[in-house]
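For reference, the chains in residue letters:
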Amino acid sequence: MTDKLTPWDRVKLARKIDRPTSSDYISKVFDSFIELHGDRYYGDDSAVVAGIAKYNYQSITVIAQQKGKNIKENKKRNYGMPKPEGYRKALRLMKQAEKFKRPIILLIDTPGAFCGIEAEERGQGEAIAKNLYEMSSIKVPILSIVIGEGGSGGALAFGVSNEVWMLKNSIYSVISPEGFASIIWKDGKRAPEAADLLKLTAHDLIRLKIIDKVIDEPDEFTVDSMDNLVNDIKTQIQQFLDSHIKMTEEEIVSSRYNRFRTL
Amino acid sequence: MLKDFFKKSPNIQRRTIKTTQIPDGLFQKCLKCNEILYSEDLIENYYVCPNCNHHIRVNPRERLSMILDSGSFVEWDLDMELSNPIDFPGYKEKLQHIKSVTNLDEAVITGLGRIGGTKVAIGVMASSFLMGSMGRAVGEKITRLIEAATDRRLPLIIFCCSGGARMQEGMVSLMQMAKTSAALKRHDKEGLLYISVLTDPTTGGVMASFAMLGDIILAEPGALIGFAGPRVIEQTIGQKLPEGFQRSEFLIEHGFIDKIVKRSQMKKILSMLIRS
């Protein structure tokens, strides 16, 4: 049924307030999770949840963009828009994962990197750039899954990975449809048209080779209906880990380099 | 003459080069202080307003002539294939039109040159070409430049000037941020020097990738440098931004760039740095 949806329908589904958020995946997909905080420079960004998870007796570093489930939690989580310290926390823990040879799984769900005075003062652009740069050479396998919104550079800073997957009704875009419409047509109300042009759905992006896999999701997608999807993701994560465990560090790094080099 | 400055290289075709973007008139008005300036004086002064020190945007060929040893430039990767990855309506026609008006192939010129005798791989972006936005061709030219610098063990200099990712190419444009940054990491691992020079404006996806990854980051005075554009921030926070926000001087105060360099000093400073 959802295959008949327009791109704009999917934008709305990807942003729906009762759509499962990162914390739901962390608790349902992994056997245990210890959260670790802070970037060691400035603070702890609650739009990014990160730590060490156990999965089938393997340790994995999980780093996730976290939206809230209601207005109150969204205020705390800054609507899932990370600040520079969020990107720096993510990078710190990716380096830690590399040191202890743990694979890394990143969950992407953000309207974009936070845009405000203090984010600029603390180097939002530098923080994102540094993640792209360092992630490209990390010697352990990295998997990114877009579970909701993948908003531009703020999402890409979690997406320089060996594989990038998207849930069927998630989106990944260079700019929000509203932003695009207001720049191109000076009319933010034409966002549905923009969503169509931007090719931001999972099906468009697999065709463009920007992503590697589309994960099916139920039509009515909430925490209560996510069990099948969770089982599917678990199987696929195991396959990802199995296929990368045979690779040398050089192969892991060069396959990631080549993945982006050809785009 | 600027024309004599570009050396012909065997596999690259010769092209006519517009000598300057300054109009034919004898005089020009500074867009910042409105002072009427004598065009010849302005050229002699590196296109910097003698009255208010405003660094007027220059086209990439002018820039190369200010930085490189005369006649030393060999251009690489001319005539990249036009791509329209998301079949954006009217995009190819728009590119063709801009190519003919600007006499540029794309929003960046790349190649090999010398500064004070030392070989450098150099890229210069053009604000006149779709606001220096980065699509696949720009990302590919810059990546090839970086990879060539790595292979030939050359120092690398990129003059950044861009509004960010080119949204007419959708997600393909975003991917160029990852591609260029990954190539820079390999250049870095070889122990080679990368200097990025930020000019007005350097924002969005270019700022959040190769612009901020220099071993040394220089900026021209008064350049707008930021991740989010000032208008977007104003709309988001619903208030006016303070004077000087996201200018070079703001970035140096916050510790994100190494040095602000006047245009007249740029060649000298670069020449010293690549020899250090």
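See the structure shown above.
Now for a look at the structure at hand. Small disclaimer: the values here were computed from a predicted structure and weren't measured.

Some remarks on the nonpolar core
Step number 1: In this structure, Ile63(A), Tyr172(A), Ile122(B), Ile157(B), Phe210(B) and Leu270(B) are the most contacted members of the largest nonpolar core, which totals 142 residues.
Step number 2: With 9 residues, the single largest contributor to this core is helix H5 (residues 170-189) of chain B.
Step number 3: If near-sequence neighbours (up to four positions away) are discounted, Ile157(B) is found in contact with Ile115(B), Val120(B), Ala121(B), Ile122(B), Gly123(B), Ile195(B), Val197(B), Leu270(B) and Ile274(B).
Step number 4: If you look at the next biggest cluster of nonpolar residues, it comprises 26 residues, including Val49(A), Tyr55(A), Leu107(A) and Ile147(A).

Considerations on the packing of aromatic side chains
Step number 1: Evaluated as defined, the whole model comprises 7 aromatic pairs over all chains.
Step number 2: Arranged with centres 6.0 Å apart and planes meeting at 75°, the rings of Phe30(A) and Tyr55(A) form a pair that is edge-to-face. Residue Phe30(A) is located in the loop between helix H2 (22-29) and strand E1 (32-35), and its partner Tyr55(A) is located in strand E2 (residues 48-55); the two are separated by 25 residues in the primary sequence.
Step number 3: Between the aromatic rings of Phe27(B) and Tyr38(B), the centroid separation amounts to 5.5 Å while the plane-to-plane angle is 45°, which identifies the pairing as tilted.

Observations concerning the packing of helix H2 (residues 60-67) of chain B against helix H9 (residues 263-274) of chain B
Residues and elements named next belong to chain B.
Step number 1: Contact pair H2 / H9: the axes reach a minimum separation of 9 Å and the direction vectors enclose 55°. Classified by the angle their axes make, H2 and H9 are oblique. Residues Arg 63, Met 66 and Ile 67 of H2 lie in contact with H9, whose contacting residues are Arg 263, Met 266, Lys 267 and Leu 270.
Step number 2: Among the residues forming the contact of H2 with H9, the class breakdown is 4 nonpolar, no polar and 3 charged.

Considering the state of the cysteines
All names here are of chain B.
Step number 1: Enumeration according to the criterion identifies 0 disulfides over all chains in this entry.
Step number 2: No disulfide involves Cys 49; its sulfur sits 3.7 Å from that of Cys 33, the nearest cysteine.
Step number 3: Assessed through its relative accessible area of 1%, Cys 49 is described here as buried.

Here we look at the interface of chain B and chain A
Step number 1: Taken together, the contact pairs 50 residues of chain B with 42 residues of chain A.
Step number 2: On the chain B side of the contact with chain A, Met167(B), Met171(B) and Phe227(B) bury the most area, a combined 18% of that side's loss.
Step number 3: In this structure, the connection of chain B to chain A is made through 3 salt bridges.
Step number 4: Residues Lys185(B) and Glu134(A) are paired through a salt bridge, measuring 3.1 Å at the closest nitrogen-oxygen approach.
Step number 5: Where chain B touches chain A, the interface holds 10 residue pairs in polar contact (both at pLDDT 80 or more).
Step number 6: Sorting the residues of the side of chain B that touches chain A by element identifies helix H4 (136-151), H5 and helix H7 (230-237) of chain B as the ones contributing at least two each.
Step number 7: Element by element, the count of residues in the side of chain B that touches chain A is highest for H5(B), at 18 residues.
Step number 8: Residue composition of the side of chain B that touches chain A, by class: 29 nonpolar, 12 polar and 9 charged.

Details of the layout of surface pockets
Step number 1: Here the largest pocket is characterised by a volume of approximately 1,800 Å³.
Step number 2: Around the largest pocket, the lining comprises 50 residues; the ones closest to its centre are Ile175(A), Gly179(A), Ile183(A), Gly229(B) and Val232(B).
Step number 3: Of the residues that constitute the lining of the largest pocket, the class distribution is 23 nonpolar, 20 polar and 7 charged.
Step number 4: Within this model, the second largest pocket holds a volume of roughly 400 Å³.
Step number 5: In terms of lining, the second largest pocket is formed by 19 residues, of which the most central are Lys32(B), Gly222(B), Glu243(B), Gly244(B) and Arg247(B).
Step number 6: Across the lining of the second largest pocket, the residue classes tally to 8 nonpolar, 6 polar and 5 charged.

Rules used throughout
Residues numbered from 1 in each chain as written. Chains lettered and ligands numbered in written order. Predicted model: local features only at pLDDT ≥ 70, side-chain atom pairs only at ≥ 80, totals over all residues. Heavy atoms only, no water. Core = buried A, V, L, I, M, F, W, Y, C linked by side-chain atoms within 4.5 Å. Buried < 20%, exposed > 50% of the residue type's maximum accessible area, 1.4 Å probe, protein only. Helix = DSSP H or I, 4+ residues; strand = E, 2+ residues; numbered from the N terminus. Contact = heavy atoms within 4.5 Å. Phe/Tyr/Trp six-rings, centres within 6.5 Å; stacked < 30°, edge-to-face > 60°. Axes fitted to C-alpha atoms, helices over the stretch in contact; angles between N-to-C directions. Parallel < 35°, antiparallel > 145°, perpendicular 65-115°, else oblique. Nonpolar A, V, L, I, M, F, W, Y, C, P; charged D, E, K, R; others polar. Disulfide = S-S within 2.5 Å. Buried area = accessible area lost by both parts, 1.4 Å probe. Salt bridge = Lys/Arg side-chain N within 4 Å of Asp/Glu carboxyl O. Polar contact = N/O pair within 3.5 Å; in protein donor to acceptor, adjacent residues only side chain to side chain. 1 Å grid on protein atoms, 1.4 Å probe; cavity = no way out; pocket = protein on both sides within 12 Å on 5 of 7 lines; lining within 4 Å. Points joined across faces, edges and corners; volume = space filled by probe spheres on them.

Interpretation in functional terms is not warranted from these geometric data alone.
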